[in-house]
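Examining the three-dimensional arrangement
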Amino acid sequence: MSQNIRQVYQERFDKFDAKAQKLKRQSSTLSIVRLVYFLVGVAVAIYLFNTYGPRGGFSFLLVFFTLFLMLVRWHDKMTKERDYYLNLSRINELELAALDHDFSNFEDGEAFEVIDHPYLGDLDVFGPRSIYQYFNRTGTAKGRRTLSNWLKQPSHKAEIELRQTAVAELKDKVHWRQHLQATGLNMEDTEADIEAILHWMQTPFFIINNTILKGIVFILPIAMLLAIALYLLGIVHGGIPVIVWLLNLGVIKYTEQEVTQTVNQTAKKSDLIRVYQQLFEHIEQGGFTSPKMQSLQQILSNSGTPNSANAAKAIARFGALSANLNVRSNVFAYLIFNTGFLWELLFCKQLEDWRKNTRTKLSEWLEVLGEVEALSSFACAYCNNSKWILPNIHPQFFKLQAVQTGHPLLNPSTRICNDITLDSSEKIMLITGSNMAGKSTFLRTVGINIILANAGAPVCAQSFTTSEVMVHSSMRNKDSLQDSESSFFAELKGLKSIIDVVEKAQPPVFFLLDEILKGTNSKDRHQGSVALIKQLLRHNGVGIIATHDLALCELSPDSDGHIENWCFEVAINQDNMVFDYTIKPGVCQSMNATLLMKKMGIDM
């Protein structure tokens, strides 16, 4: 952005916080007005019933409840507007913290962690202080799931490049992105909510497929209106409306199970549905130029049904019908509108008409929403990090060329970046170094940036080119009491899975191994490591291995260039260790275990 992003966030926070506080005061005042109006109305109704009888009392109540409902809707609208501006101020407050590398208040995606995944546990993709938490700006369950899926599984070059154009376009659309985020911030939907709605969309119709019931739902409300009107005019006896009312009760009892199911899947989710409608509308109205965003927008805009031109209008209709089923939450409204006029059945019938025309579209629309939120999350990170870039995806296996690449989760003020080049499908980068010199961090830096690149996200680098690959890692191996597994056996299982996928080469694999076979003695460890490296090379394996076993570096001269030795060094200055965390060619010449033990009070 032409303007400093920190200044942008600060100005937006000040503006939206002031607006939210003003609406908060107005909402409190209106709450008092509502209460006073209700109490006065009750007093007036009692007086009219006592003075003018039922006709006067009911006539007043009709006007009173109509005005009261208008007042309630006005207050609800003001409350939603207040919450929206509170969300916007909160979003900018969190982004200011994120610029200071505090992203702990964003959801960490720990629920998406998968056991035995090729890299999730090793590369801090999910959980506290994870890549997911750093990038996540989603507000819906579909957005959270989509973002997690993109980080779990690499995409293909064509799709990656489409996502990149969308991310580049959304980067500077701060207001558009934050409106999307603020709208969905407090909806608290779950995947169970979505599955329940999608399941309900496919349930059989109980009104429109029943000719008799469909006729009753049409006739009885009209009969009640006529009966009440004729009674108020003094033409018929008061027992006529009572008879129609009793018939209504019978129909309500007969359809109770089906109506309750519809209410549970719609009316109780009407607030969620309303938010979905606002999100769809916001996407449809975006003036996009990138092919990816235009294609997503087209799914929403050109997927109309006979009764709706686009997704937003269709969901708005759904939301309006669902909201009208909330009548049972108000005892007075339920007694008047439902038992009197079959209110719930009338709107159940209209919802069935809506379902009939829309049931195949809703799932597609939600997928679009998830993708847009994931792209917006990537765009936010790209906006916040002016020195990050969108990587190049090389069409062939294997190429990795990065200049000044760093770990996204490290604070920029202390982050050390490195260069790396690997351009063969049968090459291993063997890294040696002392404890705490940066070997493991370097492996994670390379791995997580490849994952981000293959998801369509920006990467932490000055330039970055990578092939389409599936990362496989063996870095953290934990024992399992439940499965009676030692950490060594768990590591062997992980290495076996890497060997298997490297042999198949479908999809192409890039492996990261840190201190392999660390659970056995030094002789077995060395022999096993040599055998593993040779087997990986026989099958065109490409990756990085970090080790303390300097003897493994002797493999390089006889490898025809397939093994390259690199290292991280530590300088010892008067019993003080100085790390530069910069990778260099060659074999490590300095070790620091003895000095570390001395510093811990162990006599050497």
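Residues numbered from 1 in each chain as written. Predicted model: local features only at pLDDT ≥ 70, side-chain atom pairs only at ≥ 80, totals over all residues. Heavy atoms only, no water.

**Examining the sheet that holds strand E1 (residues 392–394)**
Put simply, the rule reads: Paired strands, in this sense, are two strands between which DSSP finds at least two bridges. Note on conventions: DSSP H or I runs of at least 4 residues are helices, E runs of at least 2 residues are strands, and numbering of each starts at the N terminus. Axis angles are defined between N-to-C directions and span 0 to 180 degrees, where every axis is a line fitted to C-alpha atoms and, for a helix, only to the segment in contact. The contact rule is simple, with two residues in contact once any of their heavy atoms fall within 4.5 Å.
Pairing within the open sheet is mixed, and its 4 strands lie in the order E1-E5-E2-E3. Pairing within the sheet leaves two strands with one partner each, and these edge strands are E1 and strand E3 (418–422). In this sheet, neighbouring strand axes are inclined to one another by 20° on average, regardless of whether the strands run parallel or antiparallel. Of the pairings in the sheet, the one linking strand E2 (residues 400–405) to E3 comprises 4 bridges and is antiparallel in character. Bridge assignment links Leu 400 to a residue of E3, and that residue is Leu 422. Against the sheet, helix H16 (residues 439–455) touches E1, E2, E3 and strand E5 (463–467), its axis set at about 75° to E5.

**Section: a nonpolar patch on the surface**
Our working rule: Patch criteria: residues need more than 30% relative accessible area and no salt bridge. Like-charged residues are merged within 9 Å; nonpolar side chains of Val, Leu, Ile, Met, Phe, Trp and Tyr are merged within 5 Å. Every accessible area reported is derived by Shrake-Rupley at a probe size of 1.4 Å, with residue values counting cover from the shown protein chains alone. A pair is scored as a salt bridge if a Lys or Arg side-chain nitrogen falls within 4 Å of a carboxyl oxygen belonging to Asp or Glu.
Taken together, Phe 218, Ile 219, Ile 222, Leu 226, Leu 230, Leu 233 and Ile 235 make up a surface patch of nonpolar side chains, about 720 Å² in accessible area. Relative to the helices and strands, Leu 226 resides in helix H7 (residues 211–232).

**Here's the deal with unusual backbone geometry**
Phe 397 connects to Phe 398 through a cis peptide bond whose omega is 10°. The topology assignment puts Phe 398 in the loop between E1 and E2.

**Thoughts on the packing of helix H1 (residues 5–99) against helix H5 (residues 174–184)**
This is how the line gets drawn: Angle categories: roughly parallel below 35 degrees, roughly antiparallel above 145, roughly perpendicular from 65 to 115, and oblique for all the rest. Note on convention: the crossing is left-handed when the near helix lies turned anticlockwise from the far helix by less than a right angle, right-handed when the turn is clockwise. Here the nonpolar group is Ala, Val, Leu, Ile, Met, Phe, Trp, Tyr, Cys and Pro; Asp, Glu, Lys and Arg are the charged ones; every other residue, Gly included, is treated as polar.
Between H1 and H5, the least distance of the axes is 14 Å, while the angle of their chain directions is 45°. Classified by the angle between their axes, H1 and H5 sit oblique to one another. The element H1 and its partner H5 pack so that their crossing is right-handed. Contact residues: Ile 5, Tyr 9, Arg 12, Tyr 84, Asn 87, Leu 88, Ile 91, Asn 92 and Glu 95 in H1; Val 174, His 175, Gln 178, His 179, Gln 181, Ala 182 and Thr 183 in H5. Across the contact of H1 with H5, the residue classes break down as 7 nonpolar, 7 polar and 2 charged.

**Observations concerning the sheet that holds strand E12 (residues 584–585)**
Strand order in this open sheet of 6 strands is E6-E7-E8-E4-E9-E12, and the pairing throughout is mixed. Pairing within the sheet leaves two strands with one partner each, and these edge strands are strand E6 (470–474) and E12. When strand E7 (residues 509–514) meets strand E8 (residues 543–547), the two strands line up parallel, connected through 4 bridges. In the sheet register, Leu 512 faces E8, and the bridge partner there is Ile 544. This element, H16, spans strand E4 (428–433), E6, E7, E8 and strand E9 (563–568) of the sheet and lies at about 160° to E7.

**Some details on the confidence of the model for the chain**
Should the pLDDT be low somewhere, the predicted coordinates at that spot are not to be read in detail. Rules: pLDDT is a residue-level measure of predictor confidence that goes from 0 to 100.
On average, residues of the chain carry a pLDDT of 88, and 92% of them reach 70 or more. For residues 479–484, every residue scores under 50 in pLDDT, and the model assigns this stretch 4 contacts once sequence neighbours within four places are set aside. Predicted confidence for residues 592–597 stays below pLDDT 50, and this span has 15 contacts to residues more than four positions away or in other chains.

**Looking at empty space enclosed by the protein**
As a reminder, the rule being used: A 1.4 Å probe that fits into a set of points on a 1 Å grid over the protein atoms alone but cannot get out defines a cavity; an open set with protein on both sides within 12 Å along at least five of seven lines defines a pocket, and lining residues are those with an atom within 4 Å of a point. Grid points are joined across faces, edges and corners, and a volume is the space filled by probe spheres set on the points.
Under the criterion given, the structure shown has 4 cavities of 30 Å³ or more. Forming the boundary of the largest cavity are Ile 194, Ile 197, Ile 273, Tyr 276, Phe 280, Ile 315, Phe 318, Leu 362 and Leu 366. Among the elements that make up the lining of the largest cavity, the one with the highest residue count is helix H10 (residues 270–284) (3 residues).

**Details of the pattern of salt bridges**
Applied cut-off: Relative accessible area decides the class of each residue, using a 1.4 Å probe on protein chains only: under 20% of the type maximum gives buried, over 50% gives exposed, and in between gives partly exposed.
In the structure shown here, the tally under the stated rule is 20 salt bridges. One salt bridge in this structure joins Asp 353 and Lys 349, with 2.9 Å as the shortest N-O distance. With Asp 353 and Lys 349 both in helix H14 (residues 343–358) and 4 residues apart, this pair spans about one turn of that helix. By relative accessible area, Lys 349 is classed as partly exposed at 24%. Among the charged side chains, a salt-bridge network with shared partners connects Glu 159, Arg 163, Lys 292 and Glu 371.

**With respect to the environment of Pro 291**
Tracing the chain through its elements places Pro 291 in helix H11 (residues 291–301). Taking the C-alpha atoms as reference points, Pro 291 and Arg 163, 128 residues apart in sequence, are found 9.0 Å from one another. Once you skip the residues sitting within four places of it in the chain, Pro 291 turns out to touch Leu 162 and Thr 165.

**A closer look at the nonpolar core**
Where we set the bar: Residues enter a nonpolar core if they are buried and are Ala, Val, Leu, Ile, Met, Phe, Trp, Tyr or Cys, with the set joined through side-chain atoms within 4.5 Å.
One finds Phe 280, Phe 442, Phe 510 and Ile 544 to be the most contacted residues of the largest nonpolar core, which totals 119 residues. With 12 residues, the top contributor of residues to this core is helix H15 (residues 362–384). Judged by nonpolar contacts, the second largest core, of 21 residues, contains Val 509, Ile 516, Leu 536 and Leu 555.

**Comments concerning H10**
To keep it simple, the criterion reads: Helix span, as expected, comes to 1.5 Å for every residue beyond the first.
Between the first and last C-alpha of H10 there are 21 Å, a value that for 15 residues agrees with the 21 Å anticipated at 1.5 Å per step. Counting buried positions over the 15 residues of H10 gives 11, a clear majority of the element. Within H10, burial applies to Ser 270, Leu 272, Ile 273, Val 275, Tyr 276, Gln 277, Leu 279, Phe 280, His 282, Ile 283 and Glu 284. Each element contacted by the buried residues of H10 is listed here: H5, helix H6 (191–201), H11, helix H12 (311–324) and H15.

**So, the environment of Ser 522**
As for its position among the elements, Ser 522 is in helix H18 (residues 522–538). Given a relative accessible area of 62%, Ser 522 falls into the exposed group.

**Focus on the side chain of Lys 171**
Along the chain, Lys 171 turns up in the loop between helix H4 (157–170) and H5. With residues up to four places along the chain from it excluded, the contact list for Lys 171 reads Arg 177, Ala 379, Tyr 382 and Cys 383.

**Examining the side chain of Asn 136**
Along the polypeptide, Asn 136 turns up in the loop between helix H2 (131–135) and helix H3 (141–152). What makes Asn 136 buried here is its relative accessible area of 3%. Apart from residues no more than four positions distant in its own chain, Asn 136 is found in contact with Phe 106, Glu 107, Leu 147 and Ser 377.

**Quick look at the environment of Lys 313**
Within the fold, Lys 313 resides in helix H12. Along the chain, Lys 313 and Ser 386 lie 73 residues apart, while their C-alpha atoms are 38 Å from each other.

**Considering the layout of surface pockets**
Approximately 1,700 Å³ is the volume found for the largest pocket. In terms of lining, the largest pocket is formed by 44 residues, of which the most central are Asp 76, Lys 80, Asp 271, Arg 274 and Ala 323. Those elements giving two or more residues to the lining of the largest pocket turn out to be H1, H5, H10, H12 and helix H13 (331–341). Tallied by class, residues from the lining of the largest pocket come to 21 nonpolar, 14 polar and 9 charged.

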